[in-house]
Amino acid sequence: MSTSTLPLMEHFYTIQGEGFHTGRAAYFVRLAGCDVGCVWCDVKESWDANAHPQININNILEYVKDAKAEMAVITGGEPLLHHLDELTSLLQQNNIETNIETSGSSPLSGNWNWICVSPKKFKEPLLEVIEKANELKIVVFNKSDFEWAEKYAALVNENCILYLQPEWDKAEQVLPLIIDYVKQNPQWKISLQTHKYLQIP
Ligand code: SF4
């Protein structure tokens, strides 16, 4: 399959605010299209791929190169709804690291330097994706999410880094629970949405 264009909702150069690469400059490429349907989704305008322009992958490369970014984060929407081999190969050929942020609910494509899987309850991740995750990021809304997090931690590879991240609007209530949980279960780390504190995209 050849994919020379992809539906692009937005793209911008910023600082990765969460997870393993927190604090690193990153070019975000937000692809449109999502079939997961999280009720609390804060980028619902990304769901309909047809509402966004199809952009040639060479143009996407140029955006990243023009910014002089060393790392691209491909996100969505759900980026794995698209075949990403061509885009990621092109980026890597130009010495740009390729990271993906995915729910893992569609088959894996692309050549990745880093795979972050953040499972969603509305469409569960596929085993073939979760097994390849470098980073498992569980967004915690309430107490019951710790059990849910462990279900996926049991499926990842032994080098995968485990993160619990408070849902932004629930942070005040769940952060104390997360702190306690990580102290009791130190294989987990805390991820915070630092870009929101920094007030950057
Ligand atoms: Fe929104 Fe992401 Fe859930 Fe899709 S997977 S509905 S983009 S939060």
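Bear in mind the structure is a predicted one, so any value in this text is a computation, not a measurement. (Residues numbered from 1 in each chain as written. Predicted model: local features only at pLDDT ≥ 70, side-chain atom pairs only at ≥ 80, totals over all residues. Heavy atoms only, no water.)

A few words now on the side chain of Glu78. Along the polypeptide, Glu78 turns up in the loop between strand E4 (71-75) and helix H2 (85-93). No salt bridge is formed by the buried Glu78; the nearest opposite charge belongs to Lys120, separated by 6.9 Å. Engagement of the side chain of Glu78 in a polar contact is seen with the backbone nitrogen of Leu80, the distance being 2.8 Å. Those residues in contact with Glu78 that lie beyond four places of it in its chain are Gly33, Cys34, Val36, Thr102, Ser103, Gly104 and Ser105. (Helix = DSSP H or I, 4+ residues; strand = E, 2+ residues; numbered from the N terminus. Buried < 20%, exposed > 50% of the residue type's maximum accessible area, 1.4 Å probe, protein only. Lys, Arg positive; Asp, Glu negative; His and termini not counted. Salt bridge = Lys/Arg side-chain N within 4 Å of Asp/Glu carboxyl O. Polar contact = N/O pair within 3.5 Å; in protein donor to acceptor, adjacent residues only side chain to side chain. Contact = heavy atoms within 4.5 Å.)

With that settled, consider the environment of Asn134. Relative to the assigned elements, Asn134 resides in the loop between helix H3 (127-130) and strand E7 (135-140). Overall, the relative accessible area of 25% leaves Asn134 in the partly exposed class. Sequence separation of Asn134 and Trp114 is 20 residues, and the distance between their C-alpha atoms is 6.0 Å. With residues near it in sequence (within four places) discarded, Asn134 still touches Asn113, Trp114, Ile115, Asn159, Cys160 and Ile161.

For the coordinates displayed, the defined rule picks out seven salt bridges. Residue Glu97 pairs with Arg24 through a salt bridge whose shortest N-O separation is 2.9 Å. Separated by 73 residues along the polypeptide, Glu97 in strand E5 (residues 97-102) and Arg24 in the loop between strand E1 (5-15) and strand E2 (25-31) bring together distant segments of the chain. Of the residues examined, Glu97 reaches a relative accessible area of 27% and is grouped as partly exposed. Classification of Arg24 as partly exposed rests on a relative accessible area of 28%. In this structure, the salt-bridge partner of Lys151 is Glu124, at a minimum N-O distance of 3.2 Å. One end of the pair, Lys151, is in helix H4 (residues 145-153); the other, Glu124, is in the loop between strand E6 (114-117) and H3, with 27 residues separating them in the sequence. Among the residues examined, Glu124 registers a relative accessible area of 39% and is labelled partly exposed.

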